Amino acid sequence: MAQPVVGSTYKDFLPMGGGSSVALPEGAWLSSHNSTNTRVGYAWETYTLKNTQADARVPFLVVRQATGSVRWGNTNCQSSTANHFLVNQHGTQANQLINKCSRFFALGNFDNWRNVSAWTNANDKEWWLDVVKGFEEPGKSFKSSMFQAELSVQQFNGKGLRIDAFILPPKGIGAVQFREAVKAGDPRPEQTMLDTWASIYIESMQQSYFNKKPQPIMALAYPVNAVAQASTPSTPSALSAPAAVPVTITPPAPPAVTIAVAPAAVTPAKIEPAPAAAVKPAPAAVVASVTAPAKTEAPTAAPKPLPPAALSVAAAPDTAAQLRLDQERKALDEEKRKMAQQLEAMTQMLAKLQKENAAAAAAAATAKAKDEAATLAQTEAAAKAPVTYANRKALVIGNDLYTDVPKLNNAGADADAMAKSLEAVGYKVYKHLNLSEKKFKQAVRDFRQQLSGGDEVLFFYAGHGVQLGNANYLLPIDVKGDQEDQVKDDAILLQKVLDDLEEKKTKFALAVIDACRDNPFKGIGRAIGGRGLAPTSAATGQMIMFSAGSGQQALDRLGDNDKERNGLFTRIFVKEMLKPGLSVDRVLRNVRNEVVRLARSVGHEQTPALYDQAIGEFYFKQ
């Protein structure tokens, strides 16, 4: 699975790379912004998403994953802040391998909150400043109040995952008033639903991301306003009761009779069915006023009593008002019924997920104990010769001695180091150095003939490469490059090599290309290609890594005092791949982080590019 791509729309699940994923709330989610928060020894990769579904209950989502193995401390549930509520550690303790935490915050006005540049807390500002760029919608404001649900799962000496979901509050109440009601011990029906939804999401995070078994979540079913109102002290804390409706009755006789009827109000704090009996008007609301004709000269006398029929009409509630009240009560009853059904389904799903995660944790603990026992029993394994596996094959090519373009210093040494490391982890290696066009193409054909369906394959190339149009070409040592068409004919199209691997139905294929050096054709009268390689795409089951990003140059050395035989990228790669117990995708991310760090130490920007469509989990060394 590829990682989230800005501009792409996702539904149900967000791919996180390496077979991991994150369940998405109901809707169609646009990936609007990616960013990185660097920490000591690791970094947070952050993905901001916007829900494009109209009237979505969860309009925004922020997903963060930690890119290194971290000795996590306490979760944020241990925080002493008075602002959070519905705090839940989901049965985990600080000394466990897996820690979970969910908590909620109330945001009175979302537009004000996302104006992060005005914040005064430096740590909070740094955490959110780049992220909220993904919330921007030109010409559109979002003044509603909002819940911020903070959900985190962290694995000691392992990964960390955090999700911030921004949720509209229930209809008729602002987020701040909801929070205060919960803290005052005056819970609403939606409180249990929010807490259960967060618990389901936490368990899904463990299954989908850590256990790599995608588990969907349920939608929040409580009613919300089409546009939630900003929370202010004057905002009512419950559903507003309908106002009393005045009813005017005009009898045929000259006197006018005005009757004011006050129907029973809907109880706002709890959503419960109203009594079925008809609403009786309050006796005090009946007021009769009699106006004599303007021209009468008769002495003042008591008004003539109303006929019984007129009194009967006056005592009955207005039919339209009664109908409206009945409809509102029926709607409330229906909403309550649906919420009860949803809550029951959520409770059942939560119990199921908790049971599955507990079983997975127990199995992981058992497997860990077995692994430790096996490690102790294999104290002499390191001294044994490496074992070559029949389904692990690698093609390694290094080109240094170019005849018509600048020679290179490290490509051959990089190929030697890579071949040696691959053999140490069980690959059958086919290594070639300084290949001409004819021999290069022959080597690729021969290697293709060695492959079978289900193989785990690695292709490594160190040498000159060039981007022509949107395609990448690997250069043999006898390339001329007088014209662009000649280069296309003489060079090896990288995509052709990748397509050959795909056609062989390999189980897993990794292409590592250390060819992002300076343009070999510049300065010799030809303007062919440019620095670096063009972004590419991997087929299903493939991963591709370039030693530098688009337009960047890969470093061979960190300075004049750097005596290493290998280029920066390859020297780090061969060390990381020999570390036991790291999946291939984790090795590649560790390589990228270390290359970025060392390159920056000498004032250079080099960020290896990774394209990941692998399915499942693979290891260089278990």
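Everything here concerns the structure above.
Keep in mind the model is a prediction, meaning the values are calculated, not measured. Along each chain, residue indices are assigned from 1 in the same order as the chain's sequence is written. The predicted nature of this model means local features are confined to residues of pLDDT at least 70 and side-chain atom pairs, given and counted, to a pLDDT of 80 or more, with totals for whole chains, interfaces and linings taken over all residues. Where side-chain values are given, they derive from all heavy atoms of the structure, hydrogens and water being excluded.

Engineer: Break down the overall build of the protein chain for me, with residues and values.
Structural biologist: Of the regular secondary structure elements, the protein chain holds 12 helices and 21 strands. Only protein chains enter the accessibility calculation, which uses a 1.4 Å probe; a residue is then buried when its area is under 20% of its type maximum, exposed when over 50%, and partly exposed in between. The buried share of the protein chain, taken over its 622 residues, is 48%. The contact criterion used throughout is that any non-hydrogen atoms of two residues lie within 4.5 Å. Taking the intrachain contacts of the protein chain between residues at least 6 apart in sequence as the baseline, contacts between residues at least 24 apart amount to 70%. Carbon and sulfur atoms make up 53% of the accessible area of the protein chain, which amounts to about 30,300 Å² in all. Comment: elements are numbered from the N terminus, with helices defined as DSSP H or I runs of at least four residues and strands as E runs of at least two. In this description, accessible areas are obtained by the Shrake-Rupley approach with a 1.4 Å probe, and a residue is regarded as covered only by the protein chains that are shown.

Engineer: Which residues make up the environment of G68, and what are the values?
Structural biologist: Summarising the element assignment, G68 is placed in the loop between β6 (60-66) and β7 (85-88). Judged by relative accessible area, G68 falls into the buried class, the value being 9%. In contact with G68, not counting residues within four places along its chain, are Y42, G158, K159 and R586.

Engineer: Just give me the short version of the sheet that holds strand β5 (residues 42-51), but keep the residues and values in it.
Structural biologist: Pairing between strands requires that DSSP locate at least two bridges from one strand to the other. Spatially, 8 strands are ordered β1-β4-β5-β6-β10-β9-β8-β7 in an open sheet, and the strand pairing comes out antiparallel. Pairing within the sheet leaves two strands with one partner each, and these edge strands are β1 (9-10) and β7. Examined bridge by bridge, β1 and strand β4 (residues 29-39) share 2 bridges and lie antiparallel to one another. If you follow T9 over to β4, its bridge partner there is L30. Axis definition: a line fitted to C-alpha atoms, limited for helices to the stretch in contact. Angles are taken between N-to-C directions and run from 0 to 180 degrees. Across the face of the sheet, helix α3 (residues 175-183) comes into contact with β7, β8 (98-107) and β9 (146-155) while running at roughly 65° to β7.

Engineer: So, helix α4 (residues 189-210): which residues are in play, and what are the values?
Structural biologist: Its 22 residues give α4 an end-to-end C-alpha distance of 32 Å, which sits within 8% of 32 Å, the value for a rise of 1.5 Å per residue. Here α4 lies mainly inside the structure; 19 of its 22 residues are buried. Where α4 terminates, the next one or two residues include K212, which has phi positive at roughly 60°. One less than the residue count of a helix, multiplied by 1.5 Å, gives the span that helix is expected to have.

Engineer: Any details on unusual backbone geometry? Residues and values, ideally.
Structural biologist: Even without being a glycine, D55 presents a positive backbone phi close to 55°. Following the sequence through the fold, D55 ends up in the loop between β5 and β6.

Engineer: Give a detailed account of the nonpolar core, specifying residues and quantitative values.
Structural biologist: Core analysis: the biggest nonpolar cluster contains 79 residues, and F459, L510 and F573 have the highest contact counts within it. Considering every element that reaches this core, the biggest residue donor is helix α12 (residues 584-601), with 7 residues. Those residues in contact with L510 that lie beyond four places of it in its chain are V457, L458, F459, M543, F573, V584, L588 and F620. Remark: nonpolar core denotes a set of buried residues (Ala, Val, Leu, Ile, Met, Phe, Trp, Tyr, Cys) joined through side-chain atoms within 4.5 Å. Residues Y47, I163, Y201 and F210 belong to the second largest nonpolar core, which totals 47 residues.

Engineer: Please set out the pattern of salt bridges residue by residue, giving values where relevant.
Structural biologist: Whenever Lys or Arg places a side-chain nitrogen within 4 Å of a carboxyl oxygen from Asp or Glu, that contact is recorded as a salt bridge. Inspection of the entire model under this criterion finds 26 salt bridges. In this structure, E203 engages K100 in a salt bridge whose closest nitrogen and oxygen atoms are separated by 3.1 Å. With E203 in helix α4 and K100 in strand β8, this pair connects stretches of sequence that are 103 residues apart. For the salt bridge of D612 with R589, the shortest nitrogen-to-oxygen distance reads 4.0 Å. Here the residue D612 occupies a position in strand β21 (residues 609-612), and R589 occupies one in helix α12, the gap between them amounting to 23 residues. Of the two residues, D612 and R589, both sit in the buried class.

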